[in-house]
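Residue-level listing of the chains:
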Amino acid sequence: MTPLAAGTPIEHAGTANTAARAPQLVFDHVNKAFGRSDGSSALALADVSLSIDDHKFVAVIGPSGCGKTTLLRIANGLIAPDSGTVSVKGRPPVPGPDTGFVFQGFRLIPWATVLGNVEFALETLDLSASERRDRANTYLELVGLTRWATSYPGQLSGGMKQRVALARALAGEPQMLLMDEPFASLDAQTRELMQIELLHIWNRRKPTVLFVTHSVDEALLLADTVVLMSTGRILEVIDVPLARPRQLDAARSDQDFITLRNHLWNRIRDLVLTDPASAFFGRELNQ
Amino acid sequence: MASASRTNQEYSALTIAATRIGFLILLLALWWLASINVARNIIPSPLATYHAAGRLFSEGRLQQGLLDSVTVYLSGYGIAILIAIPLGVAMGAFNLFGRTLEIYVYALSATPRVAFIPLIIVLLGLGIEAKVFIVMLGAVMPILINTYAGVRQADPELIEMARSVGAGRLRIFSRIVIPGAIPYVIVGLRLGATIGLINTVVAELYTAVSGLGGLLAIYGNTFRMAEYFVIVLCLAAIGVVVTESLRIIENRLGRWRD
Ligand SMILES: Nc1ncnc2c1ncn2[C@@H]1O[C@H](COP(=O)(O)OP(=O)(O)O)[C@@H](O)[C@H]1O
Ligand SMILES: [Mg+2]
C-alpha cells in the first residue's frame, strides 16, 4: 500500500487577489458540526478555508460523509457555520436566484409541471408573469425540454428530471452554481451527454461552479480546480492543467493528466481504506 | 395506492361498467334466493322492495326522509370541514400550537362520541342543531388529524429547495407544504364522510326521530322489512355518491400522478 501522500498545504485557489474584485466565494476557517440523536455531534466541516474566483469551475471530491453537501449548503446560506466566516462577493451568502443549487436527487415539485418547476425559482425576481414564463421557456429550450414543458416530473426519465433541475438552477441567471453529485444517479451514457451539455452552458455565462462528484474522471473533465476533502477537511486543492475544450479520450494519453488522475485515485483509495466508516476499512487492496 | 392498480392491466371503463352490472345481477339473484329460502319473510324479495320503494315515494316519505337526512349530514360534514381543515393547518404550521393541542385532539378522537349524545341533547335539545352537532363531532376528528399529519410530514428536501430559490415562509407554506398535505386531507375527508353518515343515522335514532334514520327505526321495529330495505339501500346510495364525489375531486387534484 502506498503511504498517504503528504497533503500539499491548503493553497487558496487563485490567490490572485490583486484583481480589484472580491473572489466569488470565500470560506475562512469554517467549522460545522451536527448534533446526533445520541447527544454526540458529527463534525461535518473542520477548519475549512477556501477561496474561489469568479467564473471558476471547481470540483469537490471525497468519500461519502466528508462534508461536501454541507459545504454547498453553507455556501448557499441555507445553514450557517458554527464558527468562521463565509462570504459571497464579500457578503454573507443569502439563498435566492443569485445562486443556483442543483440538489442530489433533483428535488422537483411533483405536482407542478416542468415549466412550473422552473418558474417557481423565478418568483423572487422582479419579473412579470409573462416575462417569467418566457425566461423559464428559454432555459427549458437550453436543456432541450421544450416539448415536455407541460409534463409532470413523474412522467420524465432520470436524465430529463436532472435537466429540469439544471434549468431551474440556471433560470435565475446565477453568479454561482452549486451542484451536488448532479449526475450520480444517471446511466453512463446520459451522464456523458449531461457533462458536455453542462460545459456548453457554463461557457455561455461562466457562473462560478462548485461541483460535488465522486468521479475523478468527471472532476478532471469539468473543473479548473479540484478540491479533495476527507472527514470535514480540505486535504488538497489542485489546479487541472488541461486546455479546454477537453476530451477525456485524448487526455488519457497526456502525461500530466495520467499523473494527476493516478494521484487522485490513490489518495481517494487510501482515504476510503483508512476510513473506519467505510466498507473497505482495513482491506489490503493491492493491484 | 393509485400506482398499485397500475401494475395490473388497465381495463376500459365499458368493461368495468359491464362487470359491475353483472355483479349487481348476481347480488340480486342471491338476494332473491335468500328471500325465498329464509323463513317468516325476514328478507323481502327484490320485487317487494321495489314496490315498497314506489309506495314510500308516492307517499312522499322517502323524499322527506332523504331531504332531512341529507340536510343534517351535509350541514354537519360541511361545518366539520370548515373547522378541521383550518385548525389542522394551523396546528401543523405553528409547532407549539400543534404540539399543545394534539394530545387533546387524540384523546377526544379516542373517546366514543356517542358518549356525548346525552350531553348534547341537554345543551342543544332534540332538534336539527343537536343532530348537526353530532354529525360534526364524528366527522371533524379524522379530517383534523389527517390535515395536521399531512402538514407535518411536508418534505424537508423540497422545503430546502424552495428556500434555496429564495422563497419566504408564506410561499413555502402555500406552494410546498399545503399541496403536499392534500392527499392526507382527502383521506381525512373520506373517513369523515363515512363517520358523518353513521352519525347522521345515530343522531336521528337518539334525538327526535326523523329522516332516514327515523324511518329505519319505524320500519325495523314494526318488521316492515321491504320498507326497511328501501331505507338501507338509500343510505348506501348516499354513501356511494359522497365517496365517489371525493374520488373525482382526488383524481382532479392528483392528475400529476399519471
Ligand atoms: N442535517 C444533518 N444532521 C445530522 N448530521 C448531518 C446532517 N447533515 C450532515 N450530517 C453529517 O455531517 C457529515 C457530513 O455530511 P455531508 O455534508 O452530507 O457529507 P457528503 O455530502 O460529503 O456525503 C456526515 O457525517 C453526516 O452524517
Ligand atoms: Mg452529499
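Just so it is clear, the structure is predicted and the values come from calculations on it, not from any experiment.

Conventions used here
Residues numbered from 1 in each chain as written. Chains lettered and ligands numbered in written order. Predicted model: local features only at pLDDT ≥ 70, side-chain atom pairs only at ≥ 80, totals over all residues. Heavy atoms only, no water. Helix = DSSP H or I, 4+ residues; strand = E, 2+ residues; numbered from the N terminus. Buried < 20%, exposed > 50% of the residue type's maximum accessible area, 1.4 Å probe, protein only. Contact = heavy atoms within 4.5 Å. Lys, Arg positive; Asp, Glu negative; His and termini not counted. Charge placed at Lys NZ, Arg CZ, Asp CG, Glu CD. Core = buried A, V, L, I, M, F, W, Y, C linked by side-chain atoms within 4.5 Å. Domains from an automatic or database assignment. Buried area = accessible area lost by both parts, 1.4 Å probe. Pairing = 2+ DSSP bridges. Axes fitted to C-alpha atoms, helices over the stretch in contact; angles between N-to-C directions. UniProt positions renumbered as here; feature names shortened; annotations may be inferred. Phe/Tyr/Trp six-rings, centres within 6.5 Å; stacked < 30°, edge-to-face > 60°. Lys NZ or Arg CZ within 6 Å of the ring centre and 35° of its normal.

Enquirer: So, the overall build of chain B: which residues are in play, and what are the values?
Expert: Counting its regular elements, chain B contains 11 helices and zero strands. Written out in order from the N terminus, the α and β elements of chain B read α-α-α-α-α-α-α-α-α-α-α. Projected onto its principal axes, the C-alpha coordinates of chain B cover approximately 70 × 55 × 30 Å. When each of the 258 residues of chain B is scored for burial, the buried share is 38%. Pairs at least 24 apart in sequence give 73% of the contacts found in chain B among residues at least 6 apart. Each charge class in chain B can be summarised by its mean position, and for the 19 positive and 13 negative side chains these summaries are 1 Å apart.

Enquirer: Give me the lowdown on the nonpolar core, citing residues and values where you can.
Expert: If you look at the biggest cluster of nonpolar residues, it comprises 55 residues, and the most contacted ones within it are F57 and L166 of chain A. Broken down by element, this core gets its largest block of residues, eight residues, from helix α4 (residues 158-171) of chain A. Shared between two domains, this core holds at least three residues of each, these being domain 1 (25-98 + 174-274) and domain 2 (102-173) of chain A. When sequence neighbours within four positions are dropped, the list of residues in contact with L166 of chain A reads V102, V143, M179, M194, L198 and I201 of chain A. Counting 44 residues, the second-largest nonpolar core is a separate cluster that includes V60, M176 and M229 of chain A together with A181 of chain B.

Enquirer: Tell me what's going on with the domain arrangement of chain A, and back it up with residues and numbers.
Expert: All names here are of chain A. According to the domain assignment, chain A contains domain 1 (25-98 + 174-274) and domain 2 (102-173). Opposite the 21 residues of domain 1 that make contact, domain 2 presents 19 residues. Roughly 1600 Å² of surface becomes buried between domain 1 and domain 2 when both sides are summed, with 67% attributable to carbon and sulfur atoms. Its largest share of buried area at the contact with domain 2, domain 1 owes to P97, M194 and I201, together 29% of the area lost on that side.

Enquirer: Please set out the sheet that holds strand β5 (residues 99-102) of chain A residue by residue, giving values where relevant.
Expert: Residues and elements named next belong to chain A. In space, the six strands of this open sheet follow the order β5-β6-β7-β3-β8-β9, with mixed pairing throughout. Pairing within the sheet leaves two strands with one partner each, and these edge strands are β5 and β9 (233-239). Averaged over all neighbouring strand pairs, the angle between strand axes comes to 15°, with direction disregarded. Summarising the sheet, strand β8 (residues 225-230) and β9 pair through six bridges and their orientation is antiparallel.

Enquirer: How would you summarise the side chain of T99 of chain A if you had to cite specific residues and measurements?
Expert: In this fold, T99 of chain A is placed in strand β5. Not counting residues up to four positions away in its chain, the partners in contact with T99 of chain A are N76, P174, M176 and L178 of chain A together with S164 of chain B.

Enquirer: So, the UniProt feature "domain: ABC transporter" (unreviewed entry) in chain A: which residues are in play, and what are the values?
Expert: Per the UniProt record, "domain: ABC transporter" (unreviewed entry) is found at residues 25-256 of chain A. Regarding residues 25-256 of chain A, the helix share stands at 32% and the strand share at 27%, and the terminal C-alpha atoms are separated by 28 Å.

Enquirer: Which residues make up unusual backbone geometry, and what values do they have?
Expert: Residues and elements named next belong to chain A. For the bond running from R244 to P245, omega is -10°, close enough to zero to count as cis. For P245, the location among the structural elements is in the loop between β9 and α7 (248-251). The phi torsion at E181 lies on the positive side, around 40°, for a residue other than glycine. Tracing the backbone shows E181 in the loop between β6 (176-180) and α5 (188-205).

Enquirer: Account for the packing of aromatic side chains, with residues named and values stated.
Expert: Within a pair of aromatic rings, the relevant descriptors are the distance that separates the centres and the angle that separates the planes. According to the stated counting rule, one finds eight aromatic pairs over all chains in the structure shown. For the pair F57 of chain A and F211 of chain A, a centre-to-centre distance of 5.7 Å together with 45° between the ring planes defines the contact as tilted. Separated by 154 residues along the polypeptide, F57 of chain A in strand β3 (residues 57-61) and F211 of chain A in strand β7 (residues 208-213) bring together distant segments of the chain. When sorted by exposure, F57 of chain A lands in the same class as F211 of chain A, which is buried. Between W31 of chain B and F229 of chain B, the aromatic rings sit 5.6 Å apart at their centres with planes inclined by 25°, giving stacked as the arrangement. Here W31 of chain B is found in helix α2 (residues 13-37), whereas its partner F229 of chain B is found in helix α11 (residues 225-253), with 198 residues between them in sequence. The structure contains a cluster of three or more aromatic residues connected by ring pairs, namely F57, F183, W202 and F211 of chain A. Geometry around F34 of chain A places K32 of chain A over its ring, the cationic atom sitting 5.5 Å from the centre. Sitting over the face of the ring of W202 of chain A, K206 of chain A holds its NZ or CZ atom 4.5 Å from the ring centroid.

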